[in-house]
Amino acid sequence: MPGRGLLAVACLVLIALSCISVVRKLERERRLLRKLRGRGAVDPGTSVPLRDLTDDERDCALLLATAGVLTIRQNGCYVRSTELPVFRRKRVRLALSGGVAALILALVVAVLILHR
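Residues numbered from 1 in each chain as written. Predicted model: local features only at pLDDT ≥ 70, side-chain atom pairs only at ≥ 80, totals over all residues. Heavy atoms only, no water.

K.L.:
Any chance you could explain the overall build of the protein chain here in plain terms?
P.N.:
Regarding its fold elements, the protein chain presents three helices and three strands. The secondary structure elements of the protein chain, listed N-terminal to C-terminal, are α-β-α-β-β-α. Relative to a compact globule of 116 residues, whose C-alpha radius of gyration would be 13 Å, the protein chain shows 19 Å and is clearly more extended. In terms of overall dimensions, the protein chain has a C-alpha envelope of 65 × 25 × 20 Å along the principal axes. (Helix = DSSP H or I, 4+ residues; strand = E, 2+ residues; numbered from the N terminus. Rg over C-alpha atoms; globule rule 2.2 N^0.38 Å.)

K.L.:
Explain the pattern of salt bridges to me, please; I cannot follow it from the model alone.
P.N.:
Pairing between side chains of opposite charge can happen when their charged atoms approach one another. Counted by the stated rule, this structure contains eight salt bridges. In this structure, Glu27 engages Arg30 in a salt bridge whose closest nitrogen and oxygen atoms are separated by 2.5 Å. Residue Glu27 and its partner Arg30 are both found in helix α1 (residues 4-38); the two are separated by three residues, about one turn of the helix. Using a relative accessible area of 27% as the deciding quantity, one classes Glu27 as partly exposed. We note a salt bridge from Arg31 to Glu27, for which the minimum N-O separation is 3.1 Å. With Arg31 and Glu27 both in helix α1 and four residues apart, the pair spans about one turn of that helix. You can call Arg31 exposed: its relative accessible area is 52%. Overlapping salt bridges, with partners in common, bring together Glu27, Arg30 and Arg31 in one network. (Salt bridge = Lys/Arg side-chain N within 4 Å of Asp/Glu carboxyl O. Buried < 20%, exposed > 50% of the residue type's maximum accessible area, 1.4 Å probe, protein only.)

K.L.:
Would you explain the side chain of Arg91 in this entry?
P.N.:
Here Arg91 is to be found in helix α3 (residues 84-115). With sequence-adjacent residues up to four places away left out, Arg91 is seen in contact with Leu26, Glu29, Arg30 and Leu33. (Contact = heavy atoms within 4.5 Å.)

K.L.:
I keep staring at the side chain of Thr71 and nothing clicks. Help me out?
P.N.:
Relative to the helices and strands, Thr71 is located in strand β2 (residues 70-73). If we ignore the near neighbours within four places in the chain, the residues touching Thr71 are Gly76, Cys77, Tyr78 and Arg80.

K.L.:
Would you mind showing me how to read a nonpolar patch on the surface here?
P.N.:
Nonpolar side chains collect at one region of the surface, where Val9, Val13, Leu17 and Ile20 lie side by side and expose about 360 Å² of accessible area between them. Structurally, Val13 is set in helix α1. The exposure class of Val13 is partly exposed, given its relative accessible area of 43%. (Patch = residues over 30% accessible without salt bridge, like charges linked within 9 Å, V, L, I, M, F, W, Y side chains within 5 Å. Areas by Shrake-Rupley, 256 points an atom, 1.4 Å probe, with all protein chains shown as cover.)

Shown next, in the form of structure tokens:
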């Protein structure tokens, strides 16, 4: 079957790009949370103004606010410390399950390549 190798390579590249995309998202979230906690933004009185964040950080803040980890009020944001441990556990679980799924897919593709 011609093109089978090309399909396998395409699958492996797709798996790698997916993994990179997820890791970039997790790293962006980690950096923003570290930045906010480093500035002491843990309650409404110490919130960090949104204008002090880059566009990328603002997008990430909106996603984290949707997840319930940040609160955005009156153009400022702060970390909801009570929600942080639960969020971290979910994020680690997501990273580990995604890594295992990517490994299994890569092994399936490798077996298909070597089988022939």
